[in-house]
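Chain by chain, the residues:
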Amino acid sequence: MGSFPAILQSEWTKIRTVRSTVWTLLLTFVVTVGLGALISLLTKNNFADFTKNETTPFDATTTSFAGIGLGEIAMIVFGVLAVGNEYSSGMIRVSLAAVPQRGTLLTAKSLVIGALALLISVLTAFVTFFLGQALLGDHHTTLGAPNVLRAVFGAAVYLTMLCLFSAGVTAMLHNQTLALGVLVPFFFLLSPILSAVPKVKNVAHYFPDYAGKQMLTVFPTPSEPYGWVAGFFICGAWTLAALLGGAAVLKRHDA
Amino acid sequence: MIELHELTKRYGDKTAVDGLSFQVPQGVVTGFLGPNGAGKSTTMRMILDLDRPTSGRVTIDGKHYGQLSEPLKYIGALLEAQAVHPGRTAYNHLLWLAQSNRIPIRRVDEVLALVGLTEVARKRARGFSLGMGQRLGIASALLGDPEILMFDEPVNGLDPEGILWIRNLMKRLAAEGRTVFVSSHLMSEMALTAEHLVVIGRGKLLADLSMAEFIAQNSRSAVRIRTPHPEQLLDALATQSITAEAGPEGSYEVVDGDLVKIGELAAASGITLHELSPQRASLEEAFMQMTADSVEYHAGDALNGGVTDAAGAAGAWGAGWQPPAGKRQKKQKGAN
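Attention in this report is confined to the structure presented alongside it. Nothing here was measured: the structure is a model prediction, and the numbers come from that model.

Between chain A and chain B, the contact holds 32 residues from the first and 34 residues from the second. Together chain A and chain B conceal approximately 2,600 Å² of surface at their shared face, both sides included; 53% is due to carbon and sulfur atoms. Considering only the side of chain A, the residues that lose the most area to chain B are R93, A98 and D254 of chain A, jointly responsible for 19% of the buried surface there. The tally of links between chain A and chain B comes to 1 salt bridge. As a salt-bridge pair, D254 of chain A and K9 of chain B come within 2.6 Å of each other at their nearest N and O atoms. Here chain A and chain B share 12 residue pairs in polar contact (both at pLDDT 80 or more) between them. For the side of chain A that touches chain B, the secondary structure elements donating two or more residues are helix 1 (4–16) and helix 6 (91–98) of chain A.

This paragraph deals with the sheet that holds strand 12 (residues 252–255) of chain B. All names here are of chain B. Spatially, 4 strands are ordered 11-12-10-13 in an open sheet, and the strand pairing comes out antiparallel. Both outer strands of the open sheet, strand 11 (245–246) and strand 13 (275–280), are each paired with one neighbouring strand and no more. Here strand 10 (residues 221–226) runs beside strand 12; their pairing, made up of 4 bridges, is antiparallel. Residue A222 lies in a different strand from strand 12, and its bridge partner there is V255. Helix-sheet contacts for helix 9 (residues 259–268) involve strand 10, strand 12 and strand 13, and the interaxial angle to strand 13 is about 160°.

With 143 residues, the main nonpolar core has I2, I75 and F151 of chain B as its most contacted residues. Ranked by the residues each element gives to this core, the list is headed by helix 8 (residues 148–173) of chain A, at 15 residues. Those residues in contact with I75 of chain B, other than ones at most four positions away along the chain, are I2, I47, L48, I60, Y65, L68, P146, I148 and M150 of chain B. By size, the runner-up hydrophobic cluster in this structure holds 10 residues, among which are I225, L237, L265 and I271 of chain B.

About the thresholds
Residues numbered from 1 in each chain as written. Chains lettered and ligands numbered in written order. Predicted model: local features only at pLDDT ≥ 70, side-chain atom pairs only at ≥ 80, totals over all residues. Heavy atoms only, no water. Contact = heavy atoms within 4.5 Å. Buried area = accessible area lost by both parts, 1.4 Å probe. Salt bridge = Lys/Arg side-chain N within 4 Å of Asp/Glu carboxyl O. Polar contact = N/O pair within 3.5 Å; in protein donor to acceptor, adjacent residues only side chain to side chain. Helix = DSSP H or I, 4+ residues; strand = E, 2+ residues; numbered from the N terminus. Pairing = 2+ DSSP bridges. Axes fitted to C-alpha atoms, helices over the stretch in contact; angles between N-to-C directions. Core = buried A, V, L, I, M, F, W, Y, C linked by side-chain atoms within 4.5 Å. Buried < 20%, exposed > 50% of the residue type's maximum accessible area, 1.4 Å probe, protein only.

Written as structure tokens, this is what we have:
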């Protein structure tokens, strides 16, 4: 068995030496921050209109994170590309010839992807929050308010988990194009639509993105089936299952 | 040393590799021959543990590939060109490979220089030609300075200059005492580089022998004669107990005939000759015959099959072959 730190270093080199890493992560940041800022500004300027039918108190944190639904797509693409480019380029054979311990290879890869995703997600979450609050003016909240700091970190953990979930699914499918074709429509269209359809939504509420988004809530909503802690564990379970599934397929499958 | 023992790979009901057992001898170039689809690449992938055998095993220096710690230091392989992320530079591709096996980073520049890619080291692999991709693949194989090198069809798609470069590289590597295992579907290519041969067809072993043995068993020589007076010639030959067989296009051939003796005999009998030429059956023909009917062949039969008049197509493109000078082979052996 090779040296694990050496394999980590090698995976880090792989990830930092392709452009897709930079642009997908940059896009996650720009879209999440930018869209959040835009919605925050619109909300401030039309505050009376936007909140007149609301039954719950105004959630300034969630408002600033309005862009996360689109930003997460870029993060998902990052997760897919980080694993999938091994398959699309045929490089997986070179990687496995260098590190034949397949479980170790995927562990190192996931750690590097996860660490980088978490770093960018934390940065994105805090910039999004502070910029959004600044633009909300009088309606803003602070990190010191109940649940707000947890929600901001929750946003970062949410993005990171979706990224790793996508990485795991890509390893299971061992095909980059297929993984993009499955994951992007699922998170962008299918899951949001299904979680609004009566009856079906009872199932859709346990999808990784819906569960993970509970980590962002500041005010407990009675209509939700579970709280942020359960959301964390459900989303985490999906992520772990995807990665374990990816490892199982990688171990068994001919490269 | 690479050892295969009853290695078998099935995909569904198709058997790609069928009970293959052989050893790749140390310190020489071993040619791994077989027609396209014979199972060469599958075998090579199983050696690297990329494909899992259905049964049987393969070991490198007595160990399963997965048990090797930092395997690039034992065995370097070129499986296919362009197994590189198109957006990554040649340098960075070799960098992550080196890091994964704790190979000193200076080796990256060394192997880039060795394969002649120093100038494009910082260029993205997307713009590389097939030949450059092949060189990068060879650079990755050489990175860990391994004792064993494995190349899958390294000359495929290369221009003559590239082919010559790879040929010389393989000879040099063997001269350094390394084990080189190289697959090809061209006998002519192997005849120029390999000292040992392993031939497979439809996943089965057809032959495992030295190139010298293969040549001895398969290179039939003959003298071809063309004359406007065949009857007189045959009579003249008969007086010396020489038998000639009918050859192509109205010619006659004397197997293992003595060119000088036949020429003098014709002159003494006053027979006009239009052609008197030495003929050598090409190894390509021998190889084609050996593999043409893979299913029914066993190693022994294949070797005794001999080379009679080979298939027309084979004769056309293999006819120019000349056996390598014994000197070259001796030199290679001496160097090891």
